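A look at the structure
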Amino acid sequence: MSNSRQDQLQQDYPSAVRALNKLQSNAANLDQVLREKDARCGDKIPEMIRWAAKLDVTPADYNSLRVIHVTGTKGKGGTSAYAESILRCHGYRTGFFSSPHLVEVRERIRINGRPLSREQFAKQFWRVHGRLIGTCSAGEPEPAYFPFLTLMAVWTFLAEKVDVAIVEVGIGGRYDSTNFVSSPWVCAFSPLGLDHTALLGNSIAEIAWQKAGIMKPGCPSVTVYGQPEEGLAVLQSQSADLGCPLLIAPELNELPESLAGRLAPSQKANAALAVAVCRVWLRRARTDEALLEAGRGLVVKNPTEDSNDPLDLEACNRGLSLASWPGRYDVMPYRPGVTLYIDGAHTAESVSQAASWFANLQQGRIGAKKKLLFNRTGDRRPKDLLAQLVKLGFVQAAFCPNVVDSRSSSSSRSADLFSALASGDSSGIRLKVEENKTAYEQLDSQCDCRIFDSVAEALEWLVTDGNGSDEMQCDVLVTGSLHLVGCLYAMLAPQVADGETTGEARAIS
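- Looking at an unreviewed UniProt entry, the protein chain carries the name Folylpolyglutamate synthase, with the source organism given as Macrostomum lignano.
- According to the UniProt record, the Sequence similarities (unreviewed entry) comment for the protein chain is "Belongs to the folylpolyglutamate synthase family."

Below, the structure written as structure tokens:
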């Protein structure tokens, strides 16, 4: 019996992950996507609508989820997490679709702040799989990995009868799979920057045009304060063309006591954006609920013009305090004297912010050796990222692929961490790791730089003194890739897959 047939019969979580991974693009397919990106862009949304119809899901069904659609280059995940937590603390049942995942793919689909359990994920996966895969007409494409998960998220949110769906864009916005929602309630724009340039364009203006594609006529949009001028101009132009209001989120004057002094500047901006988005959403929800109670038809006035504030400040502050988004500005005690500073920054600007965050936390840490664990993915140039880090004065730097532990077959190829693209080009991955090391050595010839085959081996070297003895005082910055961070969590904090905080790391035995 073939593995595919056996998976369909078992229909458990591991078989669901294996079947899902078969929908990933390999290196050759990705090259083709890049070559044909302009020719096929317009097909993506109609394809999503056709696939959704196979699930008996219409655009109206998607719209009924009262969607908050979030895009941006940096901070869209954190903004979404804050918004989800705020609305949950206001008493609403929430659905949250995000990407990428860190440890297990089920993290991408959350109900009331919790990732789907393995059982829930498998149940919904196989229901959607049975309707979408193997049912398309000859010549009709089947959904790939991300479109499939988008459809599965919408299906799940409808089944769970959520009050609001917070949907994070995958890449870009205009042609992203999530953009088949035709009437979102609010659109949000986190900070814009240069990333995914091969797909989105080489300038802030080009990238902003792609992001602005999620705007819809009459739907209010909110942008974070401090957007680059050229990006903001594009958003304003698109807003005027569509006749939809664009608001700039004001800075937060006060933070909950539990967060005061703890948030990095970018986190404060994300929190401010989330608060503004929730305020707009709650105004519309309050109007709808009042009209429904009165037994009248659904007539919604402009939710940006209501002077009465629907935001419960106590619930808002509780939501901000309870929000959790692992992989960003995370401090994890590893063992006495050794602390891991974890941030999945992967653009030059976000790596610079991570470096500033790390430097601020180092003040007063006299005698602690500073060390680096780094990798990068995609088309990002290593020197653009590493130039932000050399000023920190690391004494050791370890470079490795996004593999948990190459010495253990069970951990190094965890199904949820598996990448079809990576497995198809191991030499290319090794070359990137070597480029990272070479670039860092060119920037800092004094640092002891080494290459390892996995995260576990790199970390073991970093937390020793070079002679095999444990370091007494050591601070390790882990950055450059969310997938690298995911490997670290899979090894030290697997509870992240269940929506738990990282807490104290489980030291390598």
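Here we look at the pattern of salt bridges
- Summed over all chains, the structure comprises 19 salt bridges.
- For Arg106, the salt bridge goes to Asp498, with nearest N and O atoms at 2.8 Å. Residue Arg106 is located in the loop between β2 (94-97) and β3 (109-111), and its partner Asp498 is located in the segment after α20 (482-492); the two are separated by 392 residues in the primary sequence.
- Its relative accessible area of 36% is what places Asp498 among the partly exposed residues.
- The shortest N-O distance in the salt bridge between Glu434 and Arg430 comes to 3.5 Å. Here Arg430 and Glu434 lie together in helix α18 (residues 426-443), a separation of four residues that amounts to about one turn.
- Its relative accessible area of 33% is what places Glu434 among the partly exposed residues.
- For Arg430, a relative accessible area of 36% gives the class partly exposed.
- It is possible to trace a salt-bridge network through shared partners that takes in Glu104, Arg106, Arg118 and Asp498.

So, the UniProt feature "binding site: Mg(2+)" (unreviewed entry) in the protein chain
- Under the UniProt annotation, the feature "binding site: Mg(2+)" (unreviewed entry) is placed at Ser99, Glu168 and His196.
- Its place among the elements puts Glu168 in strand β5 (residues 164-168).
- When its relative accessible area of 3% is taken as the criterion, Glu168 is described as buried.
- Each residue touching Glu168, except ones within four places of it in the same chain, is listed here: Val70, Lys76, Gly77, Ser80, Phe97, Ser98, Ser99, Thr178 and Trp325.
- Mapped onto the fold, His196 is located in the loop between β6 (186-189) and α9 (197-200).
- Beyond its immediate stretch of four places on either side in the chain, His196 contacts Ile171, Gly201 and Arg380.

Some points on the environment of Ile111
- The residue Ile111 is located in strand β3 in this model.
- Judged by relative accessible area, which is 11%, Ile111 ranks as buried.
- Taking the C-alpha atoms as reference points, Ile111 and Glu84, separated by 27 residues in sequence, lie 9.8 Å from one another.
- Sequence-distant contacts of Ile111, that is, excluding residues within four places in its chain, are made with Arg93, Thr94, Gly95, Leu116, Thr156, Phe157, Glu160 and Val162.

Considering the packing of aromatic side chains
- Evaluation of the coordinates by the stated rule reveals 16 aromatic pairs.
- A centroid spacing of 5.4 Å and a plane angle of 40 degrees characterise the contact between Trp185 and Trp281, whose relative ring orientation is tilted. With Trp185 in the loop between β5 and β6 and Trp281 in helix α12 (residues 265-293), the pair connects residues that are 96 residues apart, well separated along the chain.
- Relative accessible area serves as the criterion here: at 6%, Trp185 is assigned to the buried category.
- Here Trp281 falls in the buried class, since its relative accessible area comes to 0%.
- Consider the rings of Tyr341 and Phe358, whose centres lie 5.2 Å apart with planes at 85 degrees: the pair is edge-to-face. With Tyr341 in strand β10 (residues 338-342) and Phe358 in helix α14 (residues 348-362), this pair connects stretches of sequence that are 17 residues apart.

Describing empty space enclosed by the protein
- What the rule picks out here adds up to one cavity of 30 Å³ or more.
- Here the largest cavity is characterised by a volume of approximately 30 Å³.
- For the largest cavity, the full set of lining residues is Arg110, Ser324, Pro326, Val496, Gly499 and Glu500.
- Of the residues belonging to the lining of the largest cavity, the class tally is two nonpolar, two polar and two charged.

Some thoughts on the state of the cysteines
- By the definition in use, this model includes zero disulfides.
- With no disulfide of its own, Cys89 lies 9.1 Å from the sulfur of Cys316, the closest cysteine sulfur.
- The buried category is assigned to Cys89, whose relative accessible area is 14%.
- This cysteine, Cys487, is not joined by any disulfide, and Cys400 carries the nearest cysteine sulfur, 7.7 Å off.
- What makes Cys487 buried here is its relative accessible area of 2%.

Analysis parameters
Residues numbered from 1 in each chain as written. Predicted model: local features only at pLDDT ≥ 70, side-chain atom pairs only at ≥ 80, totals over all residues. Heavy atoms only, no water. UniProt positions renumbered as here; feature names shortened; annotations may be inferred. Salt bridge = Lys/Arg side-chain N within 4 Å of Asp/Glu carboxyl O. Helix = DSSP H or I, 4+ residues; strand = E, 2+ residues; numbered from the N terminus. Buried < 20%, exposed > 50% of the residue type's maximum accessible area, 1.4 Å probe, protein only. Contact = heavy atoms within 4.5 Å. Phe/Tyr/Trp six-rings, centres within 6.5 Å; stacked < 30°, edge-to-face > 60°. 1 Å grid on protein atoms, 1.4 Å probe; cavity = no way out; pocket = protein on both sides within 12 Å on 5 of 7 lines; lining within 4 Å. Points joined across faces, edges and corners; volume = space filled by probe spheres on them. Nonpolar A, V, L, I, M, F, W, Y, C, P; charged D, E, K, R; others polar. Disulfide = S-S within 2.5 Å.

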